[in-house]
Amino acid sequence: MAKRTFKVVNQSVTKLDAIPLALGKPLFVADFKPADALYAKFLWSPHAHAIIKSIDISAAEKMPGVHCVLYHGNVPRIAHTTAGQGYPEPSPYDTFMFDRKVRYVGDRVAAVAAETLEIAEAALKAIRVEYEILKPVLSIEEALQEGSPVIHDEPEARAIIPVPYEPQKNIAAKVGMDVGNVEQAIAGAAYKLDNSYYIHLAQHCPIEPHVALAHVDAEGRLVIRTSTQVPFHARRITAQVLDIPVRMVRVIKPRIGGGFGVKQEVLIEDVVGMMAWRTRRPVFLMYTREEEFVSSRTRHPERIRVRLGADPEGTLTALSMDCISNTGAYGAHALTVVCNSGSKVLPLYRSANVHFTGTAVYTNLPVGGAYRGYGATQAAFAVESAVDEFAETIGIDPLVFRMNHHIRSGETSPVFAALGEGKAGVQQSIGSCGLDKCIKLGAKAIGWKKRGDWRKKKGRYRRGIGMCCLMQGSSIPEIDMGAASLKMNEDGSFNLLMGATDLGTGSDTVLAQIAAEAIGTTSDKILVYSSDTDMTPFDVGAYASSTTYLTGNAVLDAGLKVKKQILSVAAELLEKKPSELEVRDAQVFAKDGSGSVTFQDVALHSLYAANQFQIAAISSNISHKSPPPFAAHFAEVEIDTETGLIRVVKYVAATDCGTAIHPKLAEGQVEGAVMNGICYALTEQYLFNEKGRMTNDSFLNYKIYSMRDKPEMVTILVPTYEKTGPFGAKSVSEIGINGPCPVIANAIYNAVGVRLRETPFTPEKIWRAMQQH
Amino acid sequence: MSGTKTISFTLNGAKKEFAIAPGELLVKLLRRSGLTGTKEGCDEGTCGACTVIVDGRAVMSCIMPAFLVEGRRVETIEGVGDFGKVHPIQQALADAGAVQCGYCIPGLIMSAKALLEEKPDASDEDIRTHMDGNLCRCTGYEKIWTALRNVRDANQPKQA
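**Thoughts on the overall build of chain A**
And then number 1: Broken down by element type, chain A carries 19 helices and 26 strands.
And then number 2: Its C-alpha radius of gyration of 27 Å places chain A within 12% of the 28 Å reference for a compact globule of 773 residues.
And then number 3: Taken over 773 residues, chain A has a buried fraction of 62%.
And then number 4: Intrachain contacts of chain A at a sequence separation of at least 6 include 80% that bridge at least 24 residues.

**Examining the domain arrangement of chain B**
All names here are of chain B.
And then number 1: Each assigned domain of chain B is listed here: domain 1 (5–78) and domain 2 (88–155).
And then number 2: If you average the C-alpha positions of domain 1 and of domain 2, the two centres end up 21 Å apart.
And then number 3: Each partner contributes to the interface: domain 1 provides 15 residues, whereas domain 2 provides 15 residues.
And then number 4: Contributing elements (two or more residues each) for the side of domain 1 that touches domain 2: β3 (51–54) and β4 (57–60).
And then number 5: Top contributing element to the side of domain 1 that touches domain 2 by residue count: β3, with three residues.
And then number 6: Here the side of domain 1 that touches domain 2 is composed, by residue class, of seven nonpolar, six polar and two charged.

**Structural notes on the packing of helix α17 (residues 663–682) of chain A against helix α18 (residues 740–752) of chain A**
All names here are of chain A.
And then number 1: Direction vectors running N to C along α17 and α18 enclose 55°, while the axes themselves pass 8 Å from each other. When the axes of α17 and α18 are compared, the pair comes out oblique. As for the relative orientation of α17 and α18, their crossing is right-handed in sense. Touching V674, G677, I678, Y680 and A681 of α17 are P740, C741 and I744, all from α18.
And then number 2: A class-by-class count of the residues in the contact of α17 with α18 yields seven nonpolar, one polar and no charged.

**What to know about the interface of chain A and chain B**
A common measure of how large an interface is: the accessible area buried when the components associate.
And then number 1: Taken together, the 44 residues of chain A in the interface contact 42 residues of chain B.
And then number 2: The set of elements that each furnish at least two residues to the side of chain A that touches chain B consists of α1 (18–22) and α17 of chain A.
And then number 3: Considering each element in turn, the side of chain A that touches chain B owes the most residues, eight residues, to α17(A).
And then number 4: Each residue belonging to the side of chain A that touches chain B can be placed in one class, and the counts come to 20 nonpolar, 14 polar and ten charged.

**Here we look at the nonpolar core**
All names here are of chain A.
And then number 1: Counting 323 residues, the largest nonpolar core has A40, V272, L496, A515 and I748 as its most contacted members.
And then number 2: Counting residues per element, this core draws most heavily on helix α15 (residues 547–574), which supplies twelve residues.
And then number 3: Discounting residues that sit within four places of it in the chain, V272 has contacts with A40, A212, L213, A214, I224, V283 and L285.

**Notes on the environment of A:C323**
Residue and element names in this part refer to chain A.
And then number 1: Within the fold, C323 resides in strand β14 (residues 316–328).
And then number 2: On the neighbour-count criterion, C323 (29 C-beta atoms within 10 Å) is buried.
And then number 3: Between the alpha carbons of C323 and G176 there is a distance of 9.8 Å; along the sequence they are 147 residues apart.

**Focus: the pairing of strand β5 (residues 108–114) of chain A**
For a regular strand, side chains alternate in direction, first toward one face of the sheet and then toward the other.
Residues and elements named next belong to chain A.
And then number 1: Buried residues dominate β5, accounting for seven of its seven residues.
And then number 2: As judged from the six bridges shared by strand β1 (residues 38–44) and β5, these two strands associate in the antiparallel manner. Within β5, the position partnered with F42 by the bridge is A111.
And then number 3: Here five bridges tie strand β3 (residues 66–71) to β5, and the two strands are oriented antiparallel to one another. Counted as the bridge partner of L70 is A111 from β5.

Quick notes on the rules
- Residues numbered from 1 in each chain as written.
- Chains lettered and ligands numbered in written order.
- Predicted model: local features only at pLDDT ≥ 70, side-chain atom pairs only at ≥ 80, totals over all residues.
- Helix = DSSP H or I, 4+ residues; strand = E, 2+ residues; numbered from the N terminus.
- Rg over C-alpha atoms; globule rule 2.2 N^0.38 Å.
- Buried ≥ 20, exposed ≤ 12 C-beta atoms within 10 Å, placed from the backbone.
- Contact = placed C-beta atoms within 7 Å.
- Domains from an automatic or database assignment.
- Nonpolar A, V, L, I, M, F, W, Y, C, P; charged D, E, K, R; others polar.
- Axes fitted to C-alpha atoms, helices over the stretch in contact; angles between N-to-C directions.
- Parallel < 35°, antiparallel > 145°, perpendicular 65-115°, else oblique.
- Left-handed = near helix turned anticlockwise from the far one by under 90°.
- Core = buried A, V, L, I, M, F, W, Y, C linked by C-beta atoms within 7 Å.
- Pairing = 2+ DSSP bridges.

Here it is, written out as structure tokens:
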């Protein structure tokens, strides 16, 4: 591969919003709240499963300062999904703005808009509700039992695309695929493995909870400023639920205080929108931390059975995975998350026989949703734990086993074509793959060679080393679309308008770099505006690791079109043909050295002098493949054998994301994802009482890590060049979170000889497992 | 407002008077007064996004009743820096690539500033311990950690 040199791309320029954010400038939704905004507040269900027999809002409505009370009796009953995905959505239509039935503790019962938060809270207390309590369904096993209570018995619940949907059996989604014959391969295998794993429910914990602000503008249109990853889906779904035309809704996304998938959900926009629509007053709603835990979205827990088979030489011949996902009370992302458990994990290792089933079940627990990793996190824990166990059974170093089997550049997997998102997938062969190098560099950084057998370890504190390999994707092929528009200003700067949604990742900066590189200027000359459904072109939004790869190519194309126009104007000025010119450093030079013009000269000429026109372009991009980023993760842990207390001593993440457009931001994506994954693996978990109520809905007892808890972290970016990506880039945002669960499980085994097949790995669990050992 | 009370304190160097409601929390007072740089993330003193400096100490303004700052010196992110006079901590965070979504950043800067002004030679352990109350979900802390140590190191007298 020829060494490529870039001027703007692959440089860590200053993130364009870093200083304004560090100065505390008003950039977030809550910072725009006008003084006369009404406060909205929800009344939540105290029961996991109940029918609202009667509800009396009259006292609340009469309270001074109360302007609007919404409940199922006074809003349109429109079945929809809150999942912000492509249209038609692969998630079932099983949700209403308000319903007569409540399906988990924290489900919507009613909502109030009032002059102050205190009045709103008092009004909620004045709403009288009588419930008929139903038996709750609180686990995957109960949901699937014959005769179990049916959670979605409403007649409107349906899938709007042709996929299996059996709400009468509490099944929200089903998917599967077979290549070859796994049963036969396992029957004839020299080595076999058959294990079940369970990976738990957790929350994204953006530091900014869900927040939205709505008003009706002077032209009678509904304007919603909201912290969303999906402004265009938010517009579409809000219009749908309010039963008003899409053109009557404008969604503006300011800065977002973290998302991680939880803001890929249209969770509160419908209610603030409806309240503003009815009261004609600005309406503001911000979740409390408790509400963010209970009444937003979570990671789907999954029970996963993995079966492996290998021939006498230790070559994998059968790879089988059966996943049952718990989608909670509503089917948001139910199908696609469990699909991705297969499609983002199974292609990693070559096997002639592959089997996969995915089932998502309804329960009366908090609702699953999109969460960074999106099914791959769950399956990577199961498969990468199983592969480690299997290597030991065969008697081969788990690193070598992975090296022998992982997919390589030029190869394909039948899984790509078989598993899509709600439809068949898209066949693709792997372009760039730097996984070998990731494994080698990671192994060196952790000291893999010094890794000893747990049986030889002595003393109270024992250390162990574990590893795993990972892949993800870059966008959803043949589904996702991102568009960008660029226009030139008088001083040679450019406005870059995109629907792509920077949720803190720095995508605005990355896309500005791509535009600057394409045009031949610097990224500080690119003025980015994202996203506003009135102003910016369409984009599906920030999810599925798509923005850099998908929108990046749209920006690149728009940049090249603009550059062509610049050259045509410069050709007029320099009296040359465009082919005799070249662009460098925001100037156009005649290749023969006879003259040059600046971008400013070009812009002024194009706008004021002769043959005027607006130098501008708009480009759309759809992805035809989803090139996986790859990673190898390693960790060293230390376990106190007397208490089970575990400490991650060192964590190494080596990642191939193609060209890192902005290396520091790419590292930041890996580091943030890894840290989130580490505390997910070790401490984060929902505790429920027997009635299905979460009992630890606060950072006091739902522990996410602070700087004090940070282990030594080594982040290695392994450059490759993905030909289909903008300047060789692939995605990087999700993959990192998939590593810590399997890596730490494998390291625990290497330290003390116990296999934990259920997350999180609390000291108690480790200690108990050691006692039974 | 019934039961309002007037308090006065020094806010970012200027003497100010505010009418406050009974039980009003400092973060609410600041934000309704237009100082929206101080963020709300949990309203229960667990995330640190609302951190401000009161008489030189970092405090969480979401659990501090406003009346408690009567006669005291309160500093918010708006008093720390601005375009053209960016504070070294702000610059270091931007330079290190430590600002992702940025929601936790104002509070985190206030915590770091309180520490490094009181203890310019803070040890690594001091930094870790002091910053324990400021949660960030985006960065994994690695680049924040680098930035804060860079500021601390730049504070040290040059060795001959």
